[in-house]
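Here is how the chains run, residue by residue.
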Amino acid sequence: MLMIRKIATFCLGLGLVVTSQAQQAEQFSVATLNVDGLPKRILVVNANPDGPGALGTLGIGMYFMKRGYDMMFMQEDFSYHCELAAVLRGAYGLDTWSGTVGIDVPGKPVDLLHLQNLQFECDGLMGAWKQDITMDGGQRTAWTDGFGKFSHAADLMATKGFRRYEATLASGTAVVVYNLHMDAESKVDTEEGKANPDRAARLNQWKQLRDEVMQRLDDRPVIILGDFNTFYFRDNVKETVIDVINASGRATVKDVWVELKNQGVFPAYEEDNRIRSDNVAALKGESMDKVLYINPTGAEKALRAVAYECDTEGYTYDGKPLGDHFPVAVTFEVVNASDPGTTSINGVSSATESDGTGEYYNTSGQRVSNPTGGLYIERTGGQTRKRIVKR
């Protein structure tokens, strides 16, 4: 009897230790997915004949329910929102649906004599979050630049842009989330090298987003996700957005795929940036659907990305993909920004010469933008080593 009590006491103590560790390592998941919700037909036009349609969208909702992400953000939620919401409602809170596209939408007559002015007042953006998460916001902001109405992927037919949310997790942790859909380009234009206007518009959208985020930046971590229609080798985002934020001294920004799957290295920008079958940068696993995160300087709480997945295998029905995009999911861990462990400096024992690809910290744990000669800690893609920097 005494032995049983000892075992019970031991197990209870172990349980308390596990609970304490779990509380210290708060985690939550986010997912982004273009649900391919354009209508199959608009009057007599086959607008999206290969799209998931009503039944496929029900399958998308069931996929989300099975995965159980804490927060999910969607793009192109146009014609089949009812099917999606029918599955998610109850388990998730839902954002306000902005409507669908189509010249036969009830209550929204279209001036057929002036189709050059046609633009549907919907952004296709949607958010869903578990019931224990408090979500405020969802304000819509349209892009100030775009290209293509009856060609070049017809981006200007809808009021594309981004939405901003203020989320409070059950633990009280507060984060800001941006969901977006950027300018696209047709496959033909891309292959023929005629997508320069699309790329220019998309880069301006990146800059608009950058300025918006930095203008409203406070002490809360920021997550930016959605359908960026961007590959780093064809859009010069690192120089115009990533480097600008990191050099501001106000915050640091990371792309989770770059950090966890590409050794912390952004694919190099190429002048000839057509998608080609022999283009290595397009075959390394980068998705146009991305998750970035920003940690403000001096904040109490920070985020650390601990897992990344682009689900190309599970997002199927009857052996076929449910849509023309695959879900991208990320798991974040909430850490104390003042804890030196957030830079993984502790436990570093060896010193090697720097290869110049990571972020540098001095031996006190302070981030250094332009290290001079000496010993620094270099963090690259989650790997941390002592490095000797030669100048």
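Model, not experiment: these values are computed from the prediction. (Residues numbered from 1 in each chain as written. Predicted model: local features only at pLDDT ≥ 70, side-chain atom pairs only at ≥ 80, totals over all residues. Heavy atoms only, no water.)

**Q** Teacher, can you tell me more about the packing of aromatic side chains here?
**A** How two aromatic rings sit relative to each other is set out by the distance from centre to centre and by the angle between their planes. Counting across every chain of the model gives 12 aromatic pairs. Aromatic pair Phe231 and Phe233: ring centres 6.2 Å apart, planes at 40°, arrangement tilted. Phe233 matches Phe231 in its accessibility class, with the two residues each being buried. Their ring planes at 80° and their centres at 5.0 Å tell us that Tyr232 and Phe266 sit as a pair that is edge-to-face. Residue Tyr232 is located in the loop between β10 (222-227) and α6 (237-247), and its partner Phe266 is located in the loop between α7 (256-261) and β12 (289-296); the two are separated by 34 residues in the primary sequence. Of the aromatic side chains, those joined through ring pairs into one cluster are Tyr63, Phe64, Tyr69 and Tyr315. Seen from the ring of Tyr232, Lys290 lies directly overhead, with NZ or CZ sitting 4.4 Å from the centre. (Phe/Tyr/Trp six-rings, centres within 6.5 Å; stacked < 30°, edge-to-face > 60°. Buried < 20%, exposed > 50% of the residue type's maximum accessible area, 1.4 Å probe, protein only. Helix = DSSP H or I, 4+ residues; strand = E, 2+ residues; numbered from the N terminus. Lys NZ or Arg CZ within 6 Å of the ring centre and 35° of its normal.)

**Q** Got a minute to help me understand the environment of Leu180 in this structure?
**A** With respect to the element layout, Leu180 can be found in strand β9 (residues 174-181). Under the relative-accessibility criterion, Leu180 is labelled buried at 0%. Along the backbone, Leu180 and Phe73 are 107 residues apart, and their C-alpha atoms lie at a distance of 8.8 Å. Apart from the residues lying within four places of it in its own chain, the contact partners of Leu180 are Gln75, Leu125, Trp143, Gly161, Phe162, Leu209, Ile224, Leu225, Gly226, Asp227 and Phe228. (Contact = heavy atoms within 4.5 Å.)

**Q** What am I meant to see in the confidence of the model for the protein here?
**A** Do not read the predicted coordinates in detail wherever pLDDT is low. A residue-level look at the protein finds 67% of positions with pLDDT of 70 or above and a mean pLDDT of 80. Below pLDDT 50 for its whole length, residues 1-23 participates in zero contacts with residues either more than four positions away or in separate chains. Here residues 278-283 is modelled with pLDDT under 50, and outside its nearest four sequence neighbours on either side it reaches nine contacts, counting other chains as well. (pLDDT = per-residue confidence, 0-100.)

**Q** Explanation requested: the sheet that holds strand β8 (residues 161-168) in the structure shown.
**A** The pairing of strands in a sheet happens through backbone hydrogen bonds and is either parallel or antiparallel. Read across the sheet, six strands follow the order β7-β8-β9-β10-β12-β11 without closing on themselves; strand pairing throughout is mixed. Either end of the sheet is taken by a strand with one partner, and the two such strands are β7 (134-142) and β11 (251-255). In this sheet, adjacent strand axes meet at a mean angle of 20° when their direction is disregarded. Direction of pairing for β7 relative to β8: antiparallel, over a ladder of eight bridges. Counted as the bridge partner of Gln139 is Arg164 from β8. Contacts between α6 and the sheet are confined to β11 and β12, with β11 contributing the most and set at about 150° to the helix. (Pairing = 2+ DSSP bridges. Axes fitted to C-alpha atoms, helices over the stretch in contact; angles between N-to-C directions.)

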